Amino acid sequence: MTVLLIIFAVVCLWKIQLRPADNSNYITDYMSIEKTTAIKGIFILIVFFSHFNTYVDFTSAGDIAYLEHYKMIGQRMVTLFMFYSGYGVMEAIKKKKMAYVRKMPVNRILATFFRYDVAVLLFLIMHLILGTDLSKKRILLAFTSWGAIGNSNWYIFAILVCYVLTFISFAIFRDKGKFIPGAVCLLVLLSVYVAVFHIKELQATRYYNTVLCYAIGVFFSLFKEKFDKLFGGNNTLWAVTLFASIIITQVTYSTKARFAVYEISMFSFTLAVVLFTMHISLNNKVLNWFGEHLFSVYMLQRIPMIVFQKLGLGEYNIYLYFVVCLIVTVILAYVFDKLVNPLWSMIANPKKKKIA
(Lines give C-alpha, C1' and ligand atoms only; values in the text may rest on other atoms or scores of the structure.)
Protein backbone atom coordinates (compact mmCIF):
# COMPACT_ATOMS: atom_id res chain seq x y z
CA MET A 1 0.00 0.00 0.00
CA THR A 2 2.99 2.27 0.48
CA VAL A 3 3.44 2.46 -3.30
CA LEU A 4 -0.19 3.49 -3.75
CA LEU A 5 0.16 6.19 -1.10
CA ILE A 6 3.23 7.56 -2.87
CA ILE A 7 1.27 7.71 -6.14
CA PHE A 8 -1.58 9.42 -4.29
CA ALA A 9 0.87 11.99 -2.87
CA VAL A 10 2.27 12.66 -6.34
CA VAL A 11 -1.25 13.23 -7.68
CA CYS A 12 -1.99 15.68 -4.85
CA LEU A 13 1.26 17.58 -5.41
CA TRP A 14 0.85 17.83 -9.18
CA LYS A 15 0.61 21.52 -10.10
CA ILE A 16 1.00 22.57 -6.47
CA GLN A 17 0.90 26.35 -6.02
CA LEU A 18 3.07 27.69 -3.21
CA ARG A 19 2.38 31.38 -3.67
CA PRO A 20 -0.56 33.53 -4.82
CA ALA A 21 -0.77 34.02 -8.57
CA ASP A 22 -1.57 37.71 -8.09
CA ASN A 23 1.39 38.27 -5.68
CA SER A 24 -0.96 39.08 -2.79
CA ASN A 25 -0.20 38.08 0.79
CA TYR A 26 -2.25 34.90 0.52
CA ILE A 27 -4.31 32.89 -1.97
CA THR A 28 -7.41 35.07 -1.91
CA ASP A 29 -9.64 32.55 -3.71
CA TYR A 30 -8.84 29.67 -1.35
CA MET A 31 -12.58 29.24 -0.67
CA SER A 32 -13.60 29.37 -4.34
CA ILE A 33 -15.53 26.49 -5.84
CA GLU A 34 -12.49 25.41 -7.86
CA LYS A 35 -10.12 25.32 -4.87
CA THR A 36 -12.55 23.70 -2.44
CA THR A 37 -13.54 21.12 -5.07
CA ALA A 38 -9.90 20.06 -5.34
CA ILE A 39 -9.63 19.66 -1.56
CA LYS A 40 -12.81 17.58 -1.62
CA GLY A 41 -11.14 15.48 -4.30
CA ILE A 42 -8.22 14.78 -1.97
CA PHE A 43 -10.47 13.72 0.88
CA ILE A 44 -12.80 11.55 -1.21
CA LEU A 45 -9.70 9.65 -2.34
CA ILE A 46 -8.71 9.31 1.32
CA VAL A 47 -12.20 7.93 1.96
CA PHE A 48 -11.65 5.48 -0.90
CA PHE A 49 -8.47 4.25 0.77
CA SER A 50 -10.32 3.96 4.08
CA HIS A 51 -13.17 1.89 2.64
CA PHE A 52 -10.77 -0.27 0.64
CA ASN A 53 -8.87 -1.11 3.80
CA THR A 54 -11.95 -2.87 5.21
CA TYR A 55 -12.16 -5.32 2.30
CA VAL A 56 -8.62 -6.71 2.40
CA ASP A 57 -6.49 -8.60 4.89
CA PHE A 58 -3.07 -7.06 5.29
CA THR A 59 -0.28 -9.53 5.97
CA SER A 60 3.03 -7.72 5.47
CA ALA A 61 4.51 -5.69 8.31
CA GLY A 62 4.57 -2.56 6.15
CA ASP A 63 0.90 -2.83 5.22
CA ILE A 64 -0.15 -3.52 8.81
CA ALA A 65 1.78 -0.45 9.97
CA TYR A 66 0.10 1.57 7.19
CA LEU A 67 -3.33 0.39 8.32
CA GLU A 68 -2.72 1.30 11.96
CA HIS A 69 -1.56 4.79 11.05
CA TYR A 70 -4.39 5.25 8.57
CA LYS A 71 -6.94 4.50 11.27
CA MET A 72 -5.70 7.61 13.10
CA ILE A 73 -7.41 9.82 10.49
CA GLY A 74 -10.82 8.60 11.63
CA GLN A 75 -13.85 10.80 11.02
CA ARG A 76 -11.64 13.79 10.34
CA MET A 77 -11.55 12.77 6.68
CA VAL A 78 -15.13 14.02 6.21
CA THR A 79 -14.99 17.20 8.30
CA LEU A 80 -14.07 19.28 5.26
CA PHE A 81 -17.10 17.93 3.36
CA MET A 82 -19.31 19.22 6.17
CA PHE A 83 -17.45 22.51 6.49
CA TYR A 84 -17.51 23.29 2.76
CA SER A 85 -21.18 22.29 2.53
CA GLY A 86 -22.12 24.68 5.32
CA TYR A 87 -20.03 27.43 3.75
CA GLY A 88 -21.53 26.87 0.29
CA VAL A 89 -25.11 26.85 1.54
CA MET A 90 -24.57 30.05 3.52
CA GLU A 91 -22.95 31.76 0.55
CA ALA A 92 -26.00 30.85 -1.55
CA ILE A 93 -28.38 32.14 1.12
CA LYS A 94 -26.46 35.43 1.31
CA LYS A 95 -26.79 35.88 -2.45
CA LYS A 96 -30.31 34.61 -3.10
CA LYS A 97 -31.88 35.19 0.32
CA MET A 98 -35.23 33.44 0.91
CA ALA A 99 -35.49 32.41 -2.73
CA TYR A 100 -32.73 29.89 -2.05
CA VAL A 101 -34.13 28.80 1.32
CA ARG A 102 -37.57 28.13 -0.17
CA LYS A 103 -36.05 25.84 -2.78
CA MET A 104 -33.91 23.87 -0.31
CA PRO A 105 -36.51 21.11 0.24
CA VAL A 106 -36.35 20.28 -3.47
CA ASN A 107 -32.89 21.39 -4.57
CA ARG A 108 -30.98 20.12 -1.54
CA ILE A 109 -33.01 17.66 0.52
CA LEU A 110 -35.06 15.76 -2.08
CA ALA A 111 -32.27 15.95 -4.66
CA THR A 112 -29.84 14.31 -2.24
CA PHE A 113 -32.41 11.71 -1.20
CA PHE A 114 -33.21 10.86 -4.82
CA ARG A 115 -29.59 10.34 -5.83
CA TYR A 116 -28.94 8.38 -2.64
CA ASP A 117 -31.91 6.06 -3.23
CA VAL A 118 -30.88 5.42 -6.84
CA ALA A 119 -27.46 4.39 -5.53
CA VAL A 120 -29.08 2.12 -2.92
CA LEU A 121 -31.16 0.56 -5.70
CA LEU A 122 -27.92 -0.30 -7.51
CA PHE A 123 -26.63 -1.98 -4.35
CA LEU A 124 -29.87 -3.94 -4.09
CA ILE A 125 -29.53 -5.12 -7.69
CA MET A 126 -25.93 -6.12 -6.97
CA HIS A 127 -27.00 -8.17 -3.95
CA LEU A 128 -29.76 -9.86 -5.94
CA ILE A 129 -27.20 -10.89 -8.55
CA LEU A 130 -24.79 -12.11 -5.87
CA GLY A 131 -27.57 -13.96 -4.09
CA THR A 132 -27.19 -12.09 -0.80
CA ASP A 133 -29.88 -12.77 1.79
CA LEU A 134 -31.35 -9.44 2.89
CA SER A 135 -34.34 -8.84 5.14
CA LYS A 136 -37.13 -6.49 4.03
CA LYS A 137 -36.55 -4.34 7.11
CA ARG A 138 -32.88 -3.91 6.30
CA ILE A 139 -33.68 -2.96 2.72
CA LEU A 140 -36.31 -0.42 3.75
CA LEU A 141 -34.01 1.16 6.35
CA ALA A 142 -31.27 1.41 3.73
CA PHE A 143 -33.53 3.53 1.51
CA THR A 144 -34.08 5.95 4.41
CA SER A 145 -30.29 6.22 5.11
CA TRP A 146 -30.90 5.00 8.69
CA GLY A 147 -29.52 1.60 7.73
CA ALA A 148 -27.42 0.12 4.93
CA ILE A 149 -27.09 -2.90 2.65
CA GLY A 150 -23.38 -2.55 2.06
CA ASN A 151 -23.62 1.06 0.93
CA SER A 152 -22.31 4.11 2.76
CA ASN A 153 -25.19 5.82 4.52
CA TRP A 154 -24.31 7.66 7.72
CA TYR A 155 -22.84 10.73 5.97
CA ILE A 156 -25.97 11.08 3.83
CA PHE A 157 -28.14 10.91 6.94
CA ALA A 158 -25.99 13.53 8.67
CA ILE A 159 -25.91 15.96 5.76
CA LEU A 160 -29.67 15.61 5.25
CA VAL A 161 -30.16 16.56 8.90
CA CYS A 162 -27.98 19.63 8.29
CA TYR A 163 -30.03 20.63 5.24
CA VAL A 164 -33.36 20.14 7.03
CA LEU A 165 -32.27 22.15 10.07
CA THR A 166 -30.82 24.88 7.83
CA PHE A 167 -34.16 25.20 6.06
CA ILE A 168 -36.04 25.34 9.39
CA SER A 169 -33.62 27.88 10.92
CA PHE A 170 -33.65 30.35 8.05
CA ALA A 171 -37.37 29.89 7.45
CA ILE A 172 -37.97 30.95 11.05
CA PHE A 173 -35.48 33.84 10.95
CA ARG A 174 -36.23 35.10 7.47
CA ASP A 175 -35.00 38.68 7.85
CA LYS A 176 -33.27 39.25 4.50
CA GLY A 177 -30.71 41.60 5.93
CA LYS A 178 -29.75 39.59 9.02
CA PHE A 179 -28.26 36.12 8.80
CA ILE A 180 -26.79 35.74 12.30
CA PRO A 181 -30.11 34.75 13.99
CA GLY A 182 -30.66 31.96 11.46
CA ALA A 183 -27.08 30.75 11.85
CA VAL A 184 -27.37 30.75 15.66
CA CYS A 185 -30.66 28.86 15.46
CA LEU A 186 -28.98 26.29 13.19
CA LEU A 187 -26.11 25.88 15.64
CA VAL A 188 -28.55 25.37 18.52
CA LEU A 189 -30.62 22.82 16.60
CA LEU A 190 -27.56 20.89 15.48
CA SER A 191 -26.24 20.92 19.05
CA VAL A 192 -29.56 19.50 20.27
CA TYR A 193 -29.38 16.83 17.55
CA VAL A 194 -25.85 15.89 18.63
CA ALA A 195 -26.78 15.85 22.33
CA VAL A 196 -29.88 13.69 21.83
CA PHE A 197 -28.12 11.16 19.61
CA HIS A 198 -25.12 11.02 21.92
CA ILE A 199 -27.03 10.71 25.20
CA LYS A 200 -29.65 8.30 23.85
CA GLU A 201 -27.07 6.41 21.75
CA LEU A 202 -29.53 6.28 18.88
CA GLN A 203 -26.82 5.53 16.36
CA ALA A 204 -23.04 5.20 16.11
CA THR A 205 -21.14 8.43 16.81
CA ARG A 206 -20.29 8.86 13.13
CA TYR A 207 -23.95 9.83 12.53
CA TYR A 208 -23.47 13.07 14.43
CA ASN A 209 -19.87 13.77 15.43
CA THR A 210 -19.04 15.88 12.36
CA VAL A 211 -22.23 17.92 11.84
CA LEU A 212 -21.05 20.87 13.92
CA CYS A 213 -18.35 21.39 11.29
CA TYR A 214 -21.25 22.22 8.94
CA ALA A 215 -22.32 24.97 11.34
CA ILE A 216 -18.74 26.23 11.49
CA GLY A 217 -18.81 26.49 7.70
CA VAL A 218 -21.96 28.61 7.93
CA PHE A 219 -20.37 31.00 10.43
CA PHE A 220 -17.12 31.07 8.45
CA SER A 221 -19.09 32.36 5.46
CA LEU A 222 -20.48 35.17 7.65
CA PHE A 223 -17.13 36.16 9.16
CA LYS A 224 -14.68 35.26 6.39
CA GLU A 225 -13.64 38.87 5.77
CA LYS A 226 -12.55 39.26 9.39
CA PHE A 227 -10.77 35.91 9.26
CA ASP A 228 -8.89 36.97 6.12
CA LYS A 229 -7.86 40.28 7.67
CA LEU A 230 -6.61 38.51 10.77
CA PHE A 231 -4.56 35.78 9.09
CA GLY A 232 -4.13 36.97 5.51
CA GLY A 233 -1.84 39.86 6.31
CA ASN A 234 0.12 38.35 9.20
CA ASN A 235 2.28 35.40 8.17
CA THR A 236 3.62 34.93 11.69
CA LEU A 237 0.15 34.64 13.21
CA TRP A 238 -0.87 32.36 10.35
CA ALA A 239 2.11 30.03 10.88
CA VAL A 240 1.73 29.92 14.67
CA THR A 241 -2.00 29.23 14.45
CA LEU A 242 -1.49 26.54 11.80
CA PHE A 243 1.15 24.81 13.92
CA ALA A 244 -0.98 25.10 17.05
CA SER A 245 -4.07 23.69 15.30
CA ILE A 246 -2.07 20.69 14.08
CA ILE A 247 -0.75 20.01 17.58
CA ILE A 248 -4.22 20.40 19.12
CA THR A 249 -5.64 18.06 16.49
CA GLN A 250 -3.24 15.29 17.37
CA VAL A 251 -3.40 15.74 21.14
CA THR A 252 -7.18 15.89 21.32
CA TYR A 253 -7.69 13.02 18.90
CA SER A 254 -5.62 10.73 21.11
CA THR A 255 -8.18 11.31 23.89
CA LYS A 256 -11.22 10.64 21.68
CA ALA A 257 -12.88 8.60 24.44
CA ARG A 258 -14.27 11.95 25.60
CA PHE A 259 -16.74 13.18 23.02
CA ALA A 260 -16.28 16.93 23.68
CA VAL A 261 -12.52 16.64 23.31
CA TYR A 262 -12.97 14.61 20.13
CA GLU A 263 -15.08 17.44 18.71
CA ILE A 264 -12.23 19.86 19.37
CA SER A 265 -10.04 17.61 17.25
CA MET A 266 -12.56 17.90 14.41
CA PHE A 267 -12.63 21.70 14.63
CA SER A 268 -8.86 22.13 14.89
CA PHE A 269 -8.29 19.81 11.93
CA THR A 270 -10.72 21.84 9.83
CA LEU A 271 -8.98 25.05 10.87
CA ALA A 272 -5.60 23.57 9.98
CA VAL A 273 -6.72 22.65 6.46
CA VAL A 274 -8.34 26.06 5.88
CA LEU A 275 -5.20 27.87 7.01
CA PHE A 276 -3.06 25.55 4.88
CA THR A 277 -5.09 26.36 1.76
CA MET A 278 -4.59 30.09 2.31
CA HIS A 279 -0.95 29.73 1.28
CA ILE A 280 -0.66 26.37 -0.48
CA SER A 281 -2.95 25.28 -3.31
CA LEU A 282 -3.29 21.60 -4.23
CA ASN A 283 -5.38 21.96 -7.34
CA ASN A 284 -5.31 19.95 -10.57
CA LYS A 285 -7.68 18.27 -13.02
CA VAL A 286 -7.56 14.89 -11.29
CA LEU A 287 -8.46 16.26 -7.87
CA ASN A 288 -11.12 18.51 -9.36
CA TRP A 289 -12.72 15.57 -11.18
CA PHE A 290 -13.02 13.54 -8.00
CA GLY A 291 -14.30 16.59 -6.12
CA GLU A 292 -16.92 17.30 -8.78
CA HIS A 293 -18.10 13.68 -8.66
CA LEU A 294 -17.79 13.42 -4.88
CA PHE A 295 -21.29 12.09 -4.20
CA SER A 296 -21.24 9.36 -6.83
CA VAL A 297 -17.67 8.31 -5.98
CA TYR A 298 -18.58 8.18 -2.29
CA MET A 299 -21.78 6.20 -2.85
CA LEU A 300 -20.66 3.75 -5.52
CA GLN A 301 -17.09 2.85 -4.55
CA ARG A 302 -18.20 -0.06 -2.39
CA ILE A 303 -19.90 -1.85 -5.31
CA PRO A 304 -16.68 -2.93 -7.07
CA MET A 305 -15.06 -3.53 -3.69
CA ILE A 306 -17.82 -5.99 -2.73
CA VAL A 307 -18.05 -7.66 -6.15
CA PHE A 308 -14.34 -8.18 -6.66
CA GLN A 309 -13.89 -9.28 -3.07
CA LYS A 310 -16.45 -12.02 -3.78
CA LEU A 311 -14.42 -12.96 -6.84
CA GLY A 312 -11.29 -13.28 -4.69
CA LEU A 313 -9.32 -10.54 -6.42
CA GLY A 314 -8.12 -9.14 -3.08
CA GLU A 315 -6.62 -12.47 -2.12
CA TYR A 316 -4.96 -12.76 -5.52
CA ASN A 317 -3.30 -9.33 -5.57
CA ILE A 318 -4.10 -6.32 -3.37
CA TYR A 319 -2.65 -3.80 -5.82
CA LEU A 320 -4.62 -5.18 -8.77
CA TYR A 321 -7.75 -5.23 -6.60
CA PHE A 322 -7.23 -1.56 -5.69
CA VAL A 323 -6.62 -0.41 -9.26
CA VAL A 324 -9.60 -2.34 -10.66
CA CYS A 325 -11.89 -0.99 -7.92
CA LEU A 326 -10.74 2.58 -8.56
CA ILE A 327 -11.20 2.31 -12.34
CA VAL A 328 -14.66 0.75 -12.02
CA THR A 329 -15.63 3.40 -9.43
CA VAL A 330 -14.62 6.18 -11.82
CA ILE A 331 -16.68 4.62 -14.62
CA LEU A 332 -19.70 4.07 -12.39
CA ALA A 333 -19.50 7.62 -10.99
CA TYR A 334 -19.24 9.14 -14.47
CA VAL A 335 -22.20 7.17 -15.84
CA PHE A 336 -24.24 7.75 -12.67
CA ASP A 337 -23.85 11.53 -12.86
CA LYS A 338 -24.48 11.57 -16.61
CA LEU A 339 -27.79 9.74 -16.19
CA VAL A 340 -29.13 10.41 -12.70
CA ASN A 341 -28.46 14.15 -12.46
CA PRO A 342 -30.41 14.95 -15.67
CA LEU A 343 -33.14 12.53 -14.58
CA TRP A 344 -33.59 14.43 -11.33
CA SER A 345 -33.61 17.75 -13.21
CA MET A 346 -36.41 16.41 -15.38
CA ILE A 347 -38.39 15.23 -12.32
CA ALA A 348 -37.82 18.43 -10.34
CA ASN A 349 -38.58 20.63 -13.35
CA PRO A 350 -41.28 18.77 -15.30
CA LYS A 351 -41.96 21.81 -17.47
CA LYS A 352 -38.57 21.35 -19.11
CA LYS A 353 -39.14 18.72 -21.77
CA LYS A 354 -35.53 18.22 -22.72
CA ILE A 355 -32.92 16.67 -20.45
CA ALA A 356 -30.11 19.15 -20.03
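Right, let's walk through the structure included here. (Residues numbered from 1 in each chain as written. Predicted model: local features only at pLDDT ≥ 70, side-chain atom pairs only at ≥ 80, totals over all residues. Heavy atoms only, no water.)

### Side note on the overall build of the chain
Assigned secondary structure in the chain consists of 16 helices and zero strands. Computed over its C-alpha atoms, the radius of gyration of the chain comes to 21 Å, within 12% of the 21 Å expected for a compact globule of 356 residues. The principal-axis extents of the C-alpha atoms in the chain amount to approximately 55 × 50 × 45 Å. Counting all 356 residues of the chain, 50% fall into the buried class. When contacts within the chain are restricted to residue pairs at least 6 apart in sequence, long-range pairs at least 24 apart make up 78% of them. Entry remark: accessible area of the chain is about 17,900 Å², with carbon and sulfur atoms responsible for 67%. (Helix = DSSP H or I, 4+ residues; strand = E, 2+ residues; numbered from the N terminus. Rg over C-alpha atoms; globule rule 2.2 N^0.38 Å. Buried < 20%, exposed > 50% of the residue type's maximum accessible area, 1.4 Å probe, protein only. Contact = heavy atoms within 4.5 Å. Areas by Shrake-Rupley, 256 points an atom, 1.4 Å probe, with all protein chains shown as cover.)

### Structural notes on a positive patch on the surface
A contiguous patch of positive charge on the surface is contributed by K95, K96, R102, K103 and R174. Looking at the positive patch, the elements with two or more residues in it are α4 (79-96) and α5 (98-130). Counting through the fold element by element, K103 comes out in helix α5. (Patch = residues over 30% accessible without salt bridge, like charges linked within 9 Å, V, L, I, M, F, W, Y side chains within 5 Å. Salt bridge = Lys/Arg side-chain N within 4 Å of Asp/Glu carboxyl O. Lys, Arg positive; Asp, Glu negative; His and termini not counted. Charge placed at Lys NZ, Arg CZ, Asp CG, Glu CD.)

### Notes on the environment of L271
Structurally, L271 is set in helix α11 (residues 259-279). Distance in space between the C-alpha atoms of L271 and K229 is 16 Å, their sequence separation being 42 residues. The residues touching L271, leaving out its near neighbours within four places in the chain, are F227, T241 and S245.

### Remarks on the layout of surface pockets
Taken as a whole, the largest pocket encloses approximately 1,200 Å³ of empty space. Around the largest pocket, the lining comprises 32 residues; the ones closest to its centre are K40, S85, R108, R115 and Y163. Counting residues per element, the ones that place at least two in the lining of the largest pocket are α2 (33-53), α4, α5, α7 (154-172), α12 (285-292), α13 (294-300) and α16 (318-348). The dominant element in the lining of the largest pocket, judged by the number of residues it contributes, is α4, at eight residues. (1 Å grid on protein atoms, 1.4 Å probe; cavity = no way out; pocket = protein on both sides within 12 Å on 5 of 7 lines; lining within 4 Å. Points joined across faces, edges and corners; volume = space filled by probe spheres on them.)

### Section: α4
Between its first and last C-alpha atoms α4 spans 26 Å; for 18 residues at 1.5 Å apiece the expected length is 26 Å, and the two agree. Here α4 lies mainly inside the structure; 14 of its 18 residues are buried. Where α4 ends, the next residue or the one after it, K97, has phi of about 55 degrees, a positive value. (Expected span 1.5 Å × (residues − 1).)

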